[in-house]
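Residues per chain, in single letters:
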Amino acid sequence: ASLWLIVPAAGVGQRMAAACPKQYLRVDSEYILDITLRRLLAALPAAGCIVPLSSTDIWWPSTNASSDGRIATCAGGNERANSVLNALQALAPTAKNEDWVLVHDAARPCVASDDLKRLLKKVGAHSVGGLLASPVTDTLKMASPQAPNTVSSTIDRRHLWRALTPQVFRYGLLRDALQGALNQGVAITDEAAAMEQAGHRPLLVEGRSDNIKITVPADLALAGFILGQL
Ligand code: C5P
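In this report, we go over the structure that sits alongside the text. These figures come from a predicted structure and were not determined experimentally. (Residues numbered from 1 in each chain as written. Predicted model: local features only at pLDDT ≥ 70, side-chain atom pairs only at ≥ 80, totals over all residues.)

Describing the site of the ligand
Test applied: By definition, a residue lies near a molecule or strand provided its backbone-derived C-beta atom is within 6 Å of it. Only Asp, Glu, Lys and Arg are considered charged in this grouping, and only Ala, Val, Leu, Ile, Met, Phe, Trp, Tyr, Cys and Pro are considered nonpolar; every other residue, Gly among them, is considered polar.
Residues in close proximity to the ligand total 17 residues, the closest being Pro8, Ala10, Gly11, Ser83 and Ala106. Of the residues that constitute the shell around the ligand, the class distribution is 6 nonpolar, 7 polar and 4 charged.

Quick notes on unusual backbone geometry
Applied cut-off: A run of DSSP states H or I qualifies as a helix once it reaches four residues; a run of E qualifies as a strand once it reaches two. Both are numbered from the N-terminal end. To assign burial, the other C-beta atoms lying within 10 Å of each residue's own C-beta are counted, with C-beta atoms placed from the backbone; 20 or more indicates buried, 12 or fewer indicates exposed, and intermediate counts indicate partly exposed.
Cis geometry is adopted by the peptide bond preceding Pro166, which originates at Thr165 and carries an omega value of 10 degrees. With respect to the element layout, Pro166 can be found in strand β10 (residues 161–170). Here Asp28, not a glycine, exhibits a phi torsion of approximately 50 degrees, which is positive. Topologically, Asp28 is positioned in the loop between β2 (26–27) and β3 (30–31). The exposed category is assigned to Asp28, around which 10 C-beta atoms lie within 10 Å. At Ser29, a residue that is not glycine, the phi angle is positive and equals roughly 65 degrees. The residue Ser29 is located in the loop between β2 and β3 in this model.

Details of the nonpolar core
What counts is decided by this rule: Joined through C-beta atoms within 7 Å, a set of buried Ala, Val, Leu, Ile, Met, Phe, Trp, Tyr and Cys residues constitutes a nonpolar core. Residue pairs qualify as contacts under a 7 Å threshold applied to their C-beta atoms, which are placed from the backbone.
Ile6, Val7, Ile32 and Val101 are the most contacted members of the largest nonpolar core, which totals 56 residues. At 6 residues, the largest contribution of residues to this core is made by helix α2 (residues 80–91). Beyond its immediate chain neighbours, meaning those up to four positions away, Val101 contacts Trp4, Ile6, Leu88, Val168, Phe169, Tyr171 and Leu174.

Structural measurements only, silent on function.
This is the structure:
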């Protein structure tokens, strides 16, 4: 089975309140998207790579990645699931149902190559696929819907994980699961959720908790620190 990389980068990064989407902010003077793609392709040089981009994107041509012949682009969609499905459709002429598709957030530049390789190794023997995840360490409180600032209960965290990316699934199963979720109008925020909706049980592979998703401005300095330690 071949391996394909999809790096959805079509988000507009509203929570960042910056002048450009967060994947085009810089850490140590390099675009976050360039860092992410450079690290993924260094660890997985044989994989085909495709990046869904927003139709309003004016920054891509100034990235290093845009002049890398190994990287293709396609149109993004309104939701992340649409962006990933577009990329899967763009791969359709060459990808086979049993191929592996690795989806990784453009906004997670700190992914460690050891984590990438361990995830692929663990998933290789699995029929469906799986994701990097990190056990929850905080104590979690459920608020009451009537009083959003009041605790109604404490959630047992022993079986709770934070979903990270990469997430790796069989091409055909992921395409059908995303299409199914979109057809049913179910809101999903990662690929694993679409697989779960379709009745699959993705494998959880413990990954480093410093594989952060750049979300708020303070994450930029943190990412610079983490990248310096990797
Ligand atoms: O908004 P969030 O942080 O969940 O986005 C995660 C990733 O999905 C980002 O890399 C973003 O660019 C991408 N995305 C996308 N298409 C969308 C929304 C988000 O490719 N419509």
